[in-house]
Every structure is written in structure tokens, then in C-alpha cells.
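# Structural overview for review
Next come the chains, spelled out residue by residue.
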Amino acid sequence: MDYLKIKGIDSLQGSIKIAGAKNASLPLIAMTILAKNKLNIENLPDVVDIKTLLKLLTNLGAQCSFEEHHVSVDTKNIHETRATYDIVKTMRASILVLGPILARFGHCEVSLPGGCAIGQRPIDLHLKALEQMGAEIDIKAGYVETKAPNGLKGCEIIFDKITVTGTANIVMAAALAKGTTTIVNAAREPEVVQLCEILNNSGVKIKGIGTSVLKIKGTNGKLVDIKDFAIIPDRIEAGTYLCAAAITNSELTITDVEPKHLDAVIRKFEEMGFSFTLTKDTITIYPANEIKPVKIITQEYPAFPTDMQAQFMALATQANGTSIIEERLFENRFMHVSELQRMGADISLNGHIATVKGKTELSGTDVMATDLRASSALVLAGLIAKGETDIHRIYHLDRGYDSLEKKLQNAGAKVQRLKE
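Analysis parameters
- Residues numbered from 1 in each chain as written.
- Predicted model: local features only at pLDDT ≥ 70, side-chain atom pairs only at ≥ 80, totals over all residues.
- Heavy atoms only, no water.
- Pairing = 2+ DSSP bridges.
- Helix = DSSP H or I, 4+ residues; strand = E, 2+ residues; numbered from the N terminus.
- Axes fitted to C-alpha atoms, helices over the stretch in contact; angles between N-to-C directions.
- Contact = heavy atoms within 4.5 Å.
- Phe/Tyr/Trp six-rings, centres within 6.5 Å; stacked < 30°, edge-to-face > 60°.
- Buried < 20%, exposed > 50% of the residue type's maximum accessible area, 1.4 Å probe, protein only.
- Lys NZ or Arg CZ within 6 Å of the ring centre and 35° of its normal.
- 1 Å grid on protein atoms, 1.4 Å probe; cavity = no way out; pocket = protein on both sides within 12 Å on 5 of 7 lines; lining within 4 Å.
- Points joined across faces, edges and corners; volume = space filled by probe spheres on them.
- Nonpolar A, V, L, I, M, F, W, Y, C, P; charged D, E, K, R; others polar.
- Salt bridge = Lys/Arg side-chain N within 4 Å of Asp/Glu carboxyl O.

### Section: the sheet that holds strand β13 (residues 213–217)
- Reading across from one edge, β10-β11-β13-β12 is the order of the four strands in this open sheet, with mixed pairing throughout. Looking at which strands have only one partner, the edges of the open sheet turn out to be β10 (156–158) and β12 (205–207). For this sheet the average axis-to-axis angle between neighbouring strands, irrespective of direction, equals 15°.
- Across the face of the sheet, helix α6 (residues 164–175) comes into contact with β10, β11 (180–184), β12 and β13 while running at roughly 25° to β13.

### Observations concerning the packing of aromatic side chains
- By the definition in use, this model includes four aromatic pairs.
- Ring centres 5.8 Å apart and planes at 55° place the aromatic pair F269 and F276 in the tilted group.
- According to the relative accessible area criterion, F269 is buried, its value standing at 0%.
- Overall, F276 belongs to the buried group, its relative accessible area being 17%.
- With 4.7 Å between their ring centres and 45° between their planes, F269 and F312 make a pair best called tilted. Here F312 lies in helix α10 (residues 309–316) and F269 lies in helix α9 (residues 263–271), a separation of 43 residues in the sequence. For the pair F269 and F312, one class covers both residues: buried.
- Here the aromatic cluster, defined as three or more aromatic residues joined through ring pairs, consists of F269, F274, F276, F304 and F312.
- We note R82 situated over the ring of Y143; from NZ or CZ to the ring centre the distance is 3.8 Å.

### Observations concerning the layout of surface pockets
- Looking at the second largest pocket, its volume works out to about 290 Å³.
- P190, V193, E197, K260 and H261 are the residues nearest the centre of the second largest pocket, which is lined by 13 residues in total.
- Along the lines of polarity and charge, the residues of the lining of the second largest pocket split into six nonpolar, three polar and four charged.

### Focus on unusual backbone geometry
- Cis geometry marks the peptide bond from Y301 to P302; its omega dihedral reads 15°.
- Turning to its location among the elements, P302 is positioned in the loop between β18 (295–297) and α10.
- At the junction of G358 and K359, the peptide bond is cis and its omega measures out at -5° in the coordinates.
- If you trace the backbone, K359 turns up in the loop between β21 (353–357) and β22 (366–368).
- In this structure, R393 is a non-glycine residue whose phi angle is positive, near 60°.
- Relative to the helices and strands, R393 resides in the loop between β23 (388–392) and α13 (395–398).
- Phi at S403 is positive, roughly 60°, even though this residue is not glycine.
- Within the element layout of this structure, S403 appears in the loop between α13 and α14 (404–410).
- Judged by its relative accessible area of 31%, S403 is partly exposed.

### Topic: the pattern of salt bridges
- Scanning all chains against the criterion turns up 19 salt bridges.
- A salt bridge links D2 to R417, with the nearest nitrogen and oxygen atoms 3.1 Å apart. With a gap of 415 residues between them, D2 in strand β1 (residues 2–7) and R417 in strand β24 (residues 414–419) connect regions that are remote in the sequence.
- Judged by its relative accessible area of 31%, R417 falls in the partly exposed class.
- Among the charged side chains, a network of salt bridges with common partners joins D2, D398, E405, R417 and K419.

This is the structure:
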């Protein structure tokens, strides 16, 4: 197994190019099941989750060719409608094929995704919505078996809570349904917006894109002609590298980014004393005279993202004062706390609220990654820790960060990928 060895540094410099968004790529790859044509997708990140979903499509009968951040996908010859456990167990986002396969073929079997390190992510909202659209659902031997022999029908769906993958799944199912589907309390994340925009540009009429109410007029079972497209920049990767600059109190430029997707994150940096220059596709962060403590509450977009909580917790260890971080979306998303404490962080937990006292000196040691974003928090802590930090189980990092150690090395970090 690989691990990262990091030596503490004084500062970073230069620029880091941001890859395409993993969380946008996954639903868009699943969306190709709705296409009647072969299509090309650009700016895909080279991460494990992308390869996993492409393997799933290949198993279903699609032809996929992935090379240099580009994939060509041809789903014309898909004949299999069963997504097996051996793939779904490695990535919960595999559930995204449920909606499009059911809409296209009228039946689908998808393995239940099982547990998740950061907490429960039940798919009951997906299933309830599909039932409202006319699907018959049965759960047998760990598989969700769905049938819609007469096709899916448009209806009004009100999500009890905001769900990003649930919104994406139902948007794709509704694209081929009969009539109009209205989704109330829909997710507004940029990744959902891009999915809707591409379908809308391909002949599926969608109103309310970017709002909490979506209206999708289905094609009554007809596959759609989807034009080639490029994936939007990864706002979480961009936020992570901005945290790397902030924790080392460095000037750094992030390129190939969409600044408006990071409004809530940038506001928190500004509260902590950092300043910025923004252009159409770059963000430059400047050192703070003093890193101030901050209060963070994670919520759905456009509020502060849960996927940036761990990175800001690492940063808060270097603030002059006490920061409060409240995690409202996932019950187990503080697993990085014990590892940061091993490095000397002064963090106390009370339920879903973490209190971080700074400024504390961190020391390098052996730590273990527990999930994707927790892994990046340990990398950030390692950048400023005294001595060397060895981060184990970095397969979590490889699920969502494209060439992380190389990008940090180019900015001056002392990071090595080694074998256990």
C-alpha cells in the first residue's frame, strides 16, 4: 500500500491547476446511459472513483475509452441492467445508474451500497421518488430490484431533505419519463446544475435550473442526443489548495477554477484575515497579518460545504483563538479529529460541534486517513508540522484528488509517495 511522507515547510508559492470536479463527473458519466449517440467528455479528473464508474458502465455493455482527462463513451450496446456488489461496494455513487437504467430499460437491479465511513447516506429518498413515478421496488438479497413495465410517469416529488445524488438520479429518470416531473427541495449544487444544463441543451426541457424547484419535461422513452462537454472545475479541490496556502500563510494562485462556486468558502477565509484577487478563472490568496478564529456551520450549497469542514479544522489549529465548527450534514464526519490530536491539535468534541483552540504547534507522526476529506486535512497539517508526517491508507485520497502530491511538490511542498 502507498503512503505519503510529508516534511513541514515554511511556505508555498506559484500556482496550482484545478482538475475537473469528481462530484460533477460521476452523475454525468451515469447520464450517458440516456444518450443515443457516442459522446466525448473533457476535463475528467484522473481519480479512482471515475475509473470505478467507467468499469461499471463497461460491465453493463458500454464502450469506454479513458485517456489524459478525456473519455469517449458509447452506451448504444448496453444490454446488462444489473450493477453488481463487487463494484457498488467500492463507491456509493454507483447508485447513480439506477435512475437512468430504469428509465431506459424499464427494469434495473442495483446492489445496495452499504455503509459509509462518514455516516449514513440512505437511498430511501431515491426509492420513494421512483415509486411515485410508477416504479415497483423490491429489495432482495442485498439488491434493489426496480420495474416500470409501463414506463416512468412525471409527478410532483417533494424531498424531505436535500439530497445531491437523489436529485441527480431523479433528474435522469425524469428525462425519459412521460410528462413533467417537478422536484421540490432539489439540491442546488453546481454539479447538479451542470447535469441539468447538459440535458436541457440536449432536448430535455428543464425549468428552474439552479433553484430548489426543478421542472423536467420527459421525452416519453426516447433517448437523447447529448453534445460533447467538459466537466466544471472541482470547487473542493480548489478549496483544499487554498487551505494549503492559508495554513502555511503563503501567497498562491489557483487556476482553471470557477470563483463563484467558492463564495461561502472565500467568505470564511476573509473572516480569518486572508485577502484575495479573483479573475474569471483564477483565485490568488494572500497571507494574513494574523490568522483569526472562525465559526463554521456546514450546510447545503450555497452555504459552507461539508466537504471543506475537515480542511478548515486543520487550518483552525493555526488561528489565534478558539474556532467553533458545527457539522450538520453527516454524523461521523469528525473522524479526523483523533488523528489531528495525535499531531498535537487541541480539539474537543461535543456531539456535532468541534471546538478548536489555537494556535498550537503540530508535530509530525504516523496518522491514518479515514475518508477522502479527512485525508486532505492530514496533508494540510503535515505541511506545517515539525518533523515528518506519514499518512497511511491514502487510497482514500486517490478516490478524489488528481495528482495531489505532484501539485503540492510543484508549489514547494516536501511530499513523497512511498510504499509501505
